[in-house]
Amino acid sequence: MAATADLDWPLADKERVRRLLALPGVRPHSLERLLAARVAVVGMGGLGCAAALYLAGQGVGHLTLIDPDRVAAHNLGRQVLYAPEDVGRLKVEAAGSALRRLRPELSLSLWPHALGPENADFLLAGHDLVLDGLDQGVPRDLLNRWAVAHGVPVVFAGAIGYEAQVLVVAGGQPCLFCLFGSVADAAQDCAVEGVLGPVVGMAGMVQAQEALKLLLGVGRPLIGRLWTWDAYAGRTRILAVPPRPDCPVCASGPVAVGQARMGGQHRG
Amino acid sequence: MQLTINGEVRTVAEVDTVAALLDHLGVTHQAVAVMVNGAVIPRERYASTFLADSDALEIVRFVGGG
């Protein structure tokens, strides 16, 4: 396609998106939106690594990577951005180096912090989209409240054992709380339950796919539909999630920026 | 009572509420989503939501690892 020749992009990025332009529904202006897009990835474990790989590869302009942890040897089986020499390095730095090698034109912000009520505005504001790569319930509840309050779409995901799931919350109803209530005390630990690497990778790639659909404005995103995959049984289900009319997080609609309902009062 | 649980028709005896069904199935009440005939049942209503013959349920556990 010749249309990418008109875009004021680095040559490498023009070539990178060439195969996207042939896709049904994708227009040159949607590609401009993709290159201008700012996406935050909260958590750079198995989900975040897989998702960031494809977001960087496909031409997302800016990625903000958020994770306080350092690479551990037991991460290497499924956290595919890290090599043995990265063990002990901050995950955001190791991931940043790997992604820059993959795409030198990528703009990156690296924050070695845990998402909390005190820094959510600072870390997440100004992004078009957030990806949930968390492995803890409390910050997931926070991310859900923040996203609804600020009208920023979040692609939620989780994986453990042989199971994975993905749900898109796009600023309004339904939200993660509508379906599961608070997930603050959802005690799941892949050190106890185990996790099959490609299952978490697959969930991360479904997240990247949903993010690209949202950014390009194509297809039918998993908004209000929970995608679940059970690799053990070889079974996928997509469940329609009805909005809860009495949901304490999203039923009253998004509130104005600056009145964000933070701090945990809606848990439970 | 005959229920359709996650697309599978099952006969369950001596189960009257959502809470009793979860206990019967050995499913924790935390971080689980239960839909009865397409409507999500909040956790605090598991014990007061009665099931009827031929109800269709979806029970999904929250998957939290990352």
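Residues numbered from 1 in each chain as written. Chains lettered and ligands numbered in written order. Predicted model: local features only at pLDDT ≥ 70, side-chain atom pairs only at ≥ 80, totals over all residues. Heavy atoms only, no water.

(A) Summary view of the overall build of chain A. Tallying secondary structure elements over chain A gives 10 helices and 8 strands in all. In terms of overall dimensions, chain A is globule-like: its C-alpha atoms have a radius of gyration of 18 Å, near the 18 Å expected for 268 residues. Residues classed as buried in chain A amount to 55% of the 268 residues present. If you take every contact in chain A between residues at least 6 apart in sequence, the share linking residues at least 24 apart comes to 66%. Summed over its atoms, the accessible surface of chain A is roughly 11000 Å², and 56% of this surface lies on carbon and sulfur atoms. Here chain A carries 24 positive and 24 negative side-chain charges, and the mean point of each set is 5 Å from the other. (Helix = DSSP H or I, 4+ residues; strand = E, 2+ residues; numbered from the N terminus. Rg over C-alpha atoms; globule rule 2.2 N^0.38 Å. Buried < 20%, exposed > 50% of the residue type's maximum accessible area, 1.4 Å probe, protein only. Contact = heavy atoms within 4.5 Å. Areas by Shrake-Rupley, 256 points an atom, 1.4 Å probe, with all protein chains shown as cover. Lys, Arg positive; Asp, Glu negative; His and termini not counted. Charge placed at Lys NZ, Arg CZ, Asp CG, Glu CD.)

(B) Spotlight on the pairing of strand E2 (residues 62-66) of chain A. Residues and elements named next belong to chain A. Burial analysis of E2 places 5 of its 5 residues in the buried class, the great majority of the element. Across the two faces of E2 the burial is the same, with His62, Thr64 and Ile66 and Leu63 and Leu65 all buried. Relative to E2, strand E1 (residues 38-42) is paired through 5 bridges, and the arrangement is parallel. By the bridge assignment, Val42 is partnered in E2 with Ile66. Read from E1 through helix H4 (residues 46-58) to E2, the crossover connection turns out right-handed. Alignment of E2 against strand E3 (residues 107-111), held across 5 bridges, turns out to be parallel. In the sheet register, Thr64 faces E3, and the bridge partner there is Ser109. Taken together, E2, helix H5 (residues 91-102) and E3 form a β-α-β motif whose crossover is right-handed. (Pairing = 2+ DSSP bridges. Right-handed = clockwise from strand over helix to strand, strands pointing away.)

(C) Region of interest: the interface of chain A and chain B. At the junction of the two partners, chain A supplies 35 residues and chain B supplies 22 residues. Carbon and sulfur atoms make up 52% of the area that chain A and chain B hide from each other, which totals about 2200 Å². For the pair chain A and chain B, the number of links is 5 salt bridges. Between A:Glu193 and B:Arg61 there is a salt bridge, with its nearest N and O atoms 3.4 Å apart. (Buried area = accessible area lost by both parts, 1.4 Å probe. Salt bridge = Lys/Arg side-chain N within 4 Å of Asp/Glu carboxyl O.)

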